[in-house]
Amino acid sequence: MEVSEKIDILSLDLPQLEFKMAELGEKKFRAKQIFQWLHVKKVFSFDDMTDISVQLRTKLKEFFCIKSLFIAKRLESCIDNTVKYLYRLPDGNYVETVLMEYHYGRSICISTQVGCKMGCSFCASAIAGFVRNLTPSEILMQIYMTEKDMGIKVSGVVLMGIGEPLDNYDNVVKFLRLVSDKNGNNLSLRHVSLSTCGIVPKIYELAEEKFGLTLSVSLHCADSDERSKIMPVNRVYSLDELMKACRFYIEKTGRRITFEYAVIDGVNVSEENAGKLVSLLRGMNCHVNIIPVNKVKERNYSSKKSSAESFAQYLSKRGLNATVRRTLGSDINAACGQLRRDTLKLEKTGGVNL
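Along each chain, residue indices are assigned from 1 in the same order as the chain's sequence is written. Predicted model: local features are reported for residues with pLDDT of at least 70 only, side-chain atom pairs are reported and counted for 80 or more only, and whole-chain, interface and lining totals are derived from all residues. Only hydrogens and water are set aside when side-chain values are computed; all heavy atoms of the structure are taken into account.

Q: What exactly am I supposed to notice about the overall build of the protein chain here?
A: Only DSSP runs of H or I with at least four residues qualify as helices, and only runs of E with at least two residues qualify as strands; both kinds are numbered from the N terminus onward. When helices and strands are counted, the protein chain shows 11 helices and 14 strands. Only protein chains enter the area calculation, which uses a 1.4 Å probe; residues under 20% of their type maximum are buried, those over 50% are exposed, and those in between are partly exposed. In the protein chain, which comprises 354 residues, the share counted as buried stands at 53%. Any pair of residues with heavy atoms lying within 4.5 Å of one another is described as a contacting pair. Residue pairs in contact within the protein chain that sit at least 24 positions apart in sequence constitute 66% of those at least 6 positions apart. Method for areas: the Shrake-Rupley scheme with a 1.4 Å probe, in which residue coverage is limited to the protein chains shown. Total accessible area on the protein chain stands at roughly 15,900 Å², and carbon and sulfur atoms take up 47% of it.

Q: Before we go on, may I ask you to explain empty space enclosed by the protein in this structure?
A: Over the atoms a probe the size of a water molecule is rolled, and this reveals where empty space is left. Using a grid of 1 Å spacing that covers the protein atoms alone, one calls a set of points a cavity when a 1.4 Å probe fits there but cannot get out, and a pocket when the set is open and has protein on both sides within 12 Å along at least five of seven lines; lining residues are those with an atom within 4 Å of a point. Grid points are joined across faces, edges and corners, and a volume is the space filled by probe spheres set on the points. In this structure the tally under the stated criterion is 1 cavity of 30 Å³ or more. The computed volume of the largest cavity comes to approximately 30 Å³. Forming the boundary of the largest cavity are Ile143, Glu147, Lys153, Val154, Val157, Val179, Asn185 and Leu187. Three classes are used, and their members are as follows: Ala, Val, Leu, Ile, Met, Phe, Trp, Tyr, Cys and Pro are nonpolar, Asp, Glu, Lys and Arg are charged, and the others, Gly among them, are polar. For the lining of the largest cavity, the per-class residue count stands at 5 nonpolar, 1 polar and 2 charged.

Q: So what exactly am I meant to see when it comes to the packing of aromatic side chains here?
A: Two numbers describe a pair of aromatic rings. These are the distance of the centres and the angle of the planes. Within 6.5 Å between ring centres, the rings of Phe, Tyr and Trp (the latter by its six-membered ring) count as paired, and their orientation is classed by plane angle as stacked under 30 degrees, edge-to-face over 60, tilted in between. Here the structure, examined in full by the defined rule, presents 4 aromatic pairs. Relative to Tyr87, the ring of Tyr85 lies with its centre 5.3 Å away and its plane at 0 degrees, an arrangement referred to as stacked. With respect to class, Tyr85 is no different from Tyr87; both count as buried. Consider the rings of Tyr261 and Phe311, whose centres lie 4.8 Å apart with planes at 20 degrees: the pair is stacked. Here Tyr261 is found in strand 12 (residues 257-263), whereas its partner Phe311 is found in helix 10 (residues 305-317), with 50 residues between them in sequence.

Q: What is the right way to read the pairing of strand 12 from this model?
A: Two faces make up the sheet, and in a regular strand the side chains alternate between them. Burial of strand 12 is extensive: 7 of the 7 residues sit out of reach of the surface. Residues of strand 12 alternate between two faces, with Ile257, Phe259, Tyr261 and Val263 on one and Thr258, Glu260 and Ala262 on the opposite face, all of them buried. When DSSP finds two or more bridges between a pair of strands, those strands are recorded as paired. The pairing of strand 11 (residues 214-218) with strand 12 spans 3 bridges and is parallel. Bridging from a neighbouring strand, Ser216 pairs with Thr258 of strand 12.

Q: In this structure, what is going on with the pairing of strand 9 (residues 156-159)? I would like to understand it.
A: Here strand 9 shows two buried faces, one formed by Gly156 and Val158 and the other by Val157 and Leu159. Alignment of strand 9 against strand 10 (residues 192-196), held across 3 bridges, turns out to be parallel. Bridge pairing in strand 10 links Leu159 to Leu194.

Q: Got a minute to help me understand the sheet that holds strand 3 (residues 70-76) in this structure?
A: Strand pairing in a sheet takes place through backbone hydrogen bonds and is either antiparallel or parallel in direction. Overall, mixed pairing links the 10 strands, which are arranged 3-4-5-6-9-10-11-12-13-14 in an open sheet. Looking at the sheet topology across the chains shown, the edges are occupied by strand 3 and strand 14 (322-324). Strand after strand, the sheet turns through a mean of 20 degrees between neighbouring axes, direction not considered. Working convention: axes come from line fits to C-alpha atoms, limited for helices to the stretch in contact. Angles between N-to-C directions cover 0 to 180 degrees. Across the face of the sheet, helix 8 (residues 239-253) comes into contact with strand 11 and strand 12 while running at roughly 145 degrees to strand 12.

Below, the structure written as structure tokens:
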């Protein structure tokens, strides 16, 4: 096997790894051995694969690499044990990961892109600009590195960090297959939530996969014209198109959709806004997650917890399943995008030493 550069082994699924082992003249079972070292024992070095011969380990180091992330910053909340990581990628870019503690276990919020193209006006993720998609291994390593650092096993995964998962569709789907492989990490996709701002064609594709995950749709406004003002994606895929795709997803998968709604005072939190949301979602198998908007330095948006609670009560009284999302890590700015943005600013001015 000739390669111009080393292969990212953590991004290979088991059949691909079996093929590569055959190319190296190795027996098929070696692939499963290596796969389990990577995804069950979660080692970050070929030298740690102690039941594999030195000769094969030498081959692996010659042709493959295990891409590592580096902890640039780690912030731990004094309020609720939320832990926020700023991971530096091998190419020097940064992504954010947040570990959250619930009564049922630990859930991790991971990033899928370096930056974001979507340009939602209330979000910090796009401010520092879009750079590139993350590879399957870079998405996966956010989980494995965090588990190793904390000495825990996560019980749930949320693809709601920096980036739009469906804009990095192929790599995200590969990640989902890897993280749930029964020969490896074996995480049930019923414990995975994927958030999208509404890339309509990819919602149809995702429905056909029948993964069993929870689809979370960032709605934030029930009026198409108003939604376009705060979410540019709505100018490409209208609210009507998005709702059709969501109904198709529910019908195809049998899964309930969660609609995320960030309440912004003076923008989308009036009783009229709530009435439009009730009409829009009437009859759908869904849940509405009301979120007080995160404060972003560059944006003049704000919301009060009381506004979120009143909005949720209005929806519930009219038969729409709605709750206010618990705020986690408020003392460490755990909302996505802010730590990366601030770090890049400091680097440009020479004010950070990582």
